[in-house]
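The primary structure of each chain is shown beneath.
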Amino acid sequence: MSKSNFTGACLFMISCISLVISTKCCDQTKKAALFVFGDSGFDVGNNNYFNTSGQANYFPYGETFFTYPTGRFSNGRLIPDFIAEYAKLPLIPPYLYPGYVDFTNGVNFASGGAGALLETRQGYRANKALDKAISLQTQLSYFKNVSRLLRQELGDVEAKTLLSRAVYLFNVGANDYTSLFDTSSSALESLTTAQFVGMVIGNISSVIAEIYKMGGRKFGLQTVRPIACIPYGRVLATAKYNESCLDQSTPFVLLHNQELSKLLQKLNGKLNGFRYSLSDYYTFLLERMDDPSKYGFKEGTVACCGSGPYRGIFNCGGKRGKEYYYLCGNVSEYVFFDCCHPTERVYQQFAEQEWSGKPSLKGSYNLRELFESK
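Residue numbers here run from 1 along each chain, matching the order of that chain's written sequence. The predicted nature of this model means local features are confined to residues of pLDDT at least 70 and side-chain atom pairs, given and counted, to a pLDDT of 80 or more, with totals for whole chains, interfaces and linings taken over all residues. The basis for the side-chain values is all heavy atoms of the structure; hydrogens and waters are excluded.

Draft legend 1. Quick look at the overall build of the protein chain. Across its full length, the protein chain holds twelve helices and nine strands. Accessible surface, the protein chain as shown: approximately 17,000 Å² in total, 55% of it carbon and sulfur. Every helix listed is a DSSP run of H or I at least four residues long, and every strand listed is a run of E at least two residues long, numbered separately from the N terminus. Reported accessibility uses the Shrake-Rupley method at a 1.4 Å probe radius. Residues are deemed covered only where the shown protein chains occlude them.

Below you can see the structure in the form of structure tokens.
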């Protein structure tokens, strides 16, 4: 072999070895995907694409960060948006987005108004508005479809690896308990608190179990937020009980949060490879409502946008014009953006706590640890 041919062969071999090393390196550092399930706290626009009153696709939603409404129920980003940023992922798109979605980074199934129970937010309310949401069970069916598409695109082995390394982020339950008080539900008369909470937790458990069977191993959840004294809870309490806060909801929420902790600890001991993160959203939000100045806010009781007492009526924005609602001047001073949903600044603070905070339960992780684990 001539000297020039030998040199060329060596260079070719070196380039091939470099390519193999580079490919292996990239495979090892591939980011974990993020799949999102839940309600309006996590909905990044799914409700834009079907007929429902529960939408946020109009001014002033989204104005602080995106400068236009995206369907997010806040003035800007939501918790999943921040978690994606911290995990060095792009913004995770809504599943119903009418275009190509690259599912290899994950996808968001959350729907404003959704509950763990199939019947939550599935019909007309007293005001005749169509109050419909994508239930948690339907979100699971969407995920099964995504899993099938990933296997078709990547092959069984690579799809299995992606699903096992992914993080599954949940926020669900608040609507199940709120609907006991703002609809004509008969559950308050026919079921005990423990029975109703058991149904909600049971449905969450079955969805987690199904995702686990399909390869999911890493689950991030948060406790249900306080309902009683948020602006909407105060409006309900005044109208229904002539009280200042909807304290009737608190036993349901507290029991739910206790049972959710027990469920995750049980699954952790039962399912091989199961890992979880549980963040205390209830305490986090209650602290900011009770003592807003301690956390950099000025107003923890009244919403920035809305109408009625505490601006607790779901009437922020819309097509009727600004004369039908009030919009605050400095949204960063407020804990709540509208009757039920916090401001972007609150979501960011909680996302930071979820991402790197110290886990409160034995066996639990923070989300950064979940994303970095193999």
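Draft legend 2. Summary view of the pairing of strand 5 (residues 167-171). Relative accessibility thresholds used throughout: buried, under 20% of the residue-type maximum; exposed, over 50%; partly exposed, between the two (1.4 Å probe, protein chains only). Among the five residues that make up strand 5, five are buried, leaving the element largely enclosed by the rest of the structure. The side-chain alternation of strand 5 yields two buried faces, one formed by V167, L169 and N171 and the other by Y168 and F170. Note on pairing: DSSP must find at least two bridges between two strands before they are called paired. Direction of pairing for strand 5 relative to strand 6 (residues 218-222): parallel, over a ladder of three bridges. The residue bridging V167 from the neighbouring strand is K218, located in strand 6.

Draft legend 3. A look at the pattern of salt bridges. Salt bridges are defined as contacts in which a side-chain nitrogen from Lys or Arg sits within 4 Å of a carboxyl oxygen from Asp or Glu. Tallying each qualifying case throughout the model produces eight salt bridges. A salt bridge links E344 to R77, with the shortest nitrogen-to-oxygen separation between them at 3.0 Å. Here R77 lies in the loop between strand 1 (34-38) and helix 2 (79-86) and E344 lies in helix 11 (residues 344-356), a separation of 267 residues in the sequence. Across the pair, R77 and E344 agree in class, each one buried. Between E287 and R288 there is a salt bridge, and its shortest N-O distance comes to 3.9 Å.

Draft legend 4. Quick look at the sheet that holds strand 5. Taken in spatial order, the five strands line up as 2-1-5-6-7 in an open sheet, and their pairing is parallel. The strands lining the two open edges of the sheet, one partner per strand, are strand 2 (106-108) and strand 7 (275-279). The average undirected angle you get between the axes of adjacent strands in this sheet is 15°. Sheet topology places strand 1 next to strand 5; five bridges connect them, and they run parallel. Bridge assignment links G38 to a residue of strand 5, and that residue is N171. Any two residues whose heavy atoms approach within 4.5 Å at even a single point are treated as in contact. Fitted lines through C-alpha atoms give the axes, limited to the stretch in contact for helices. The angle between two N-to-C directions lies from 0 to 180 degrees. On the sheet, helix 7 (residues 193-213) packs against strand 1, strand 5 and strand 6 and is oriented at approximately 160° with respect to strand 6.

Draft legend 5. Structural context of the nonpolar core. For our purposes a nonpolar core is just a set of buried Ala, Val, Leu, Ile, Met, Phe, Trp, Tyr and Cys residues, chained together by side-chain atoms within 4.5 Å. Grouped together as the largest cluster of nonpolar side chains are 93 residues, with contacts concentrated most on L34, F35, I83, Y168 and F170. For this core, the leading source of residues is helix 7, giving nine residues. Every residue in contact with L34, bar those within four places of it in the chain, is listed here: P80, I83, A84, L89, I92, N105, G106, V107, V167, L169 and F371.

Draft legend 6. Looking closely at the pairing of strand 6. In terms of burial, strand 6 is largely enclosed, as five of its five residues are buried. Here strand 6 shows two buried faces, one formed by K218, G220 and Q222 and the other by F219 and L221. Pairing analysis gives five bridges linking strand 6 to strand 7, with the strands arranged parallel. Residue pairing for strand 7: F219 is matched across the bridge by Y276.

Draft legend 7. Representation of the packing of aromatic side chains within the structure. Here is the rule: rings of Phe, Tyr and Trp (six-membered ring for Trp) pair when centre to centre is within 6.5 Å. Planes less than 30 degrees apart are stacked, more than 60 are edge-to-face, and the remainder are tilted. Within the structure shown, the criterion is met by 29 aromatic pairs. Ring centres of Y95 and Y142 lie 4.5 Å apart, and the angle between their planes is 20°; on these two criteria the pair is classed as stacked. Taken together, the residues span a long stretch of sequence, with Y95 in the loop between helix 2 and strand 2 and Y142 in helix 3 (residues 136-154) at a distance of 47 residues. When its relative accessible area of 16% is taken as the criterion, Y95 is described as buried. According to the relative accessible area criterion, Y142 is partly exposed, its value standing at 21%.

Draft legend 8. Structural context of helix 8 (residues 231-241). Those residues of helix 8 that fall on the buried side of the exposure criterion are P231, Y232, G233, R234, V235, L236 and A237. Lining the buried residues of helix 8 we find helix 5 (174-182). Within two residues after helix 8, N242 carries a phi angle of roughly 55°, on the positive side.

Draft legend 9. Up close: the side chain of R72. Tracing the backbone shows R72 in the loop between strand 1 and helix 2. The class of R72 is buried, set by a relative accessible area of 6%. Two N or O atoms count as a polar contact when they lie within 3.5 Å, although within protein this holds only if one can serve as hydrogen donor and the other as acceptor, and sequence-adjacent residues are included solely when both atoms are side-chain atoms. Of note is the side chain of R72, whose polar atom sits 3.0 Å from the side chain of T70. A distance of 2.8 Å separates the side chain of R72 from the side chain of D81, its partner in a polar contact. If we ignore the near neighbours within four places in the chain, the residues touching R72 are D43, V44, A56, Y61, F66, R77, L78, D81 and L91.

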